[in-house]
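Take a look at the letters that make up each chain.
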Amino acid sequence: MADDRQSIIPIESDADVVTARQRARAMAGDLELTSTDQTLLATAISEVARNITTYAKRGEVELSVVKDDDGREGIQVIARDQGPGIENLELAMQDGYTSGGGLGLGLPGARRLVDDFNIDTAPGQGTTVTLVMWARPNARAA
Amino acid sequence: MAVPILKQGPFLIATIQAALTDTDVLQLQDDVMAQVTRHRSRGIIVDVTALDVMDSFVSRSLQGISRMTRLRGAETVIVGIQPEVAFAMVQLGMSFEDVLTALDLEEGLALLQRPRKEAGDGGG
């Protein structure tokens with residue numbers, strides 16, 4: 001049981017990105033997140049995990065079940081790396097800005113997909129992105 | 001996992017079977033371009049029904065296939081985008097404005113079989 005509620009996926013290749021989002025979807029299904037929310041979460045994970053392989057080469061995604069003060073459960077995703085960090089966070093959070101040859105939708109896009117989004121980064125200090133998707137109140141079973 | 005591409009008359013049909021890694025997606029781009037050239041195809045259908053996630057990389061790559069094949073005189077139609085996936089794509093900021101889409105394979109083929117306008121796409 002406890003094993004199902006926490007999981008760390010090393011991210012070193014594009015296959016690991018797929019593994020991370022599939023693992024998260026399975027956890028989200030167990031928490032009875034709606035299928036739309038599962039998809040939004042899986043897509044957000046894909047974006048932040050790809051940032052790891054693109055900019056830091058390697059890192060990890062940690063998945064866990066968290067609870068808020070009202071007892072509501074959610075899936076927390078922590079994507080961390082020891083890569084170069086982000087020099088200008090404000091710029092990186094703007095739609096369309098990219099330094100990696102992509103569309104620049106990764107971070108701002110991921111922020112729009114989930115309920116809570118937090119990023120902790122500094123040049124040379126790596127990057128940690130934390131996402132949470134909460135179970136909807138009406139999905140609560142008796 | 002490689003995406004099988006079937007030739008159906010003047011069209012190609014690429015049916016994605018399972019979750020794609022970025023490498024798979026790039027491979028699909030190359031394969032489609034090679035086959036379009038080899039068969040002088042007029043249209044391509046990419047069936048994404050099996051995809052439960054279309055992130056910015058996959059979306060951008062499919063957009064790339066659409067643009068590249070158009071330069072070769074072939075139209076690409078993306079079919080089978082799941083409702084949840086469509087929702088996520090819009091939230092993400094992928095609007096697919098210049099990409100043809102259809103509900104399913106049948107609708108996609110119907111779209112490709114329409115008489116062509118000779119005046120070009122008039123995109124802007």
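Quick caveat, the model's predicted, so the values are computed rather than measured.

1. A short note on the nonpolar core
All names here are of chain A. Counting 63 residues, the largest nonpolar core has A24, L41, A44, I45, A49, V61 and M133 as its most contacted members. Among the elements that make up this core, the one with the highest residue count is helix α2 (residues 35–56) (eight residues). Those residues in contact with A49 that lie beyond four places of it in its chain are I11, V17, A20, V61 and A79.

2. Some thoughts on unusual backbone geometry
In this structure, K57(A) takes a positive phi of about 75 degrees despite not being glycine. For K57(A), the location among the structural elements is in the loop between α2 and β2 (59–67). Residue classification places K57(A) among the partly exposed residues on the basis of 14 C-beta atoms within 10 Å. Here R40(B), not a glycine, exhibits a phi torsion of approximately 50 degrees, which is positive. By secondary structure assignment, the location of R40(B) is in the loop between α1 (22–39) and β3 (43–47).

3. Focus: the sheet that holds strand β1 (residues 6–11) of chain A
Residue and element names in this part refer to chain A. Strand order in the open sheet formed by five strands is β1-β2-β3-β5-β4, and the pairing between neighbours is antiparallel. One side of each edge strand has no neighbouring strand; the edge strands of this open sheet are β1 and β4 (116–121). Sheet twist, expressed as the mean angle between neighbouring strand axes with direction ignored, is 15 degrees. Across six bridges, β4 lies against strand β5 (residues 127–134) in antiparallel orientation. By the bridge assignment for β5, N118 is matched with T130. Set on the sheet, helix α1 (residues 14–30) makes contact with β1, β2, β3 (73–81) and β5; between it and β1 the angle comes to about 165 degrees.

4. Description of the sheet that holds strand β2 (residues 11–15) of chain B
All names here are of chain B. Reading across from one edge, β1-β2-β3-β4-β5 is the order of the five strands in this open sheet, with mixed pairing throughout. Each of the sheet's edge strands pairs with one partner strand only, and the pair in question is β1 (5–8) and β5 (100–102). Averaged over all pairs of adjacent strands, the angle between strand axes in this sheet comes to 25 degrees, irrespective of strand direction. The pairing of β3 with strand β4 (residues 75–79) spans five bridges and is parallel. In the strand pairing of β4, G43 is matched with E75. Set on the sheet, α1 makes contact with β1, β2 and β3; between it and β2 the angle comes to about 160 degrees.

5. Section: the confidence of the model for chain B
Overall, the predicted model of chain B reaches an average pLDDT of 91, with 94% of residues at or above 70. Scored by ipTM, the complex comes to 0.87, with pTM at 0.90.

6. Here's the deal with the interface of chain A and chain B
Across the boundary between the two partners, chain A contributes 22 residues, which contact 18 residues of chain B. If you list the elements that add at least two residues to the side of chain A that touches chain B, you get α1, α2 and α4 (106–113) of chain A. Take the side of chain A that touches chain B: its biggest share by element is nine residues, from α2(A). For the side of chain A that touches chain B, the class distribution of residues is seven nonpolar, nine polar and six charged.

7. Description of the packing of α2(A) against helix α3 (residues 83–92) of chain B
Across the interface, α2(A) lies against α3(B) with an axial gap of 9 Å and an inter-helix angle of 45 degrees. With respect to α3(B), the element α2(A) is oriented oblique. Regarding α2(A) and α3(B), the two cross each other, and that crossing is right-handed. Every residue of α3(B) that contacts α2(A) at S35(A), T36(A), T39(A), L40(A) and T43(A) is listed here: E84(B), V85(B), F87(B), A88(B), Q91(B) and L92(B). Within the contact of α2(A) with α3(B), the residues separate by chemical class into five nonpolar, five polar and one charged.

8. Remarks on the environment of Q22(A)
Mapped onto the elements of the fold, Q22(A) is located in helix α1. The spatial distance from the C-alpha of Q22(A) to the C-alpha of T121(A) is 26 Å, given a sequence separation of 99 residues.

Parameters at a glance
Residues numbered from 1 in each chain as written. Chains lettered and ligands numbered in written order. Predicted model: local features only at pLDDT ≥ 70, side-chain atom pairs only at ≥ 80, totals over all residues. Core = buried A, V, L, I, M, F, W, Y, C linked by C-beta atoms within 7 Å. Buried ≥ 20, exposed ≤ 12 C-beta atoms within 10 Å, placed from the backbone. Helix = DSSP H or I, 4+ residues; strand = E, 2+ residues; numbered from the N terminus. Contact = placed C-beta atoms within 7 Å. Pairing = 2+ DSSP bridges. Axes fitted to C-alpha atoms, helices over the stretch in contact; angles between N-to-C directions. pLDDT = per-residue confidence, 0-100. Nonpolar A, V, L, I, M, F, W, Y, C, P; charged D, E, K, R; others polar. Parallel < 35°, antiparallel > 145°, perpendicular 65-115°, else oblique. Left-handed = near helix turned anticlockwise from the far one by under 90°.

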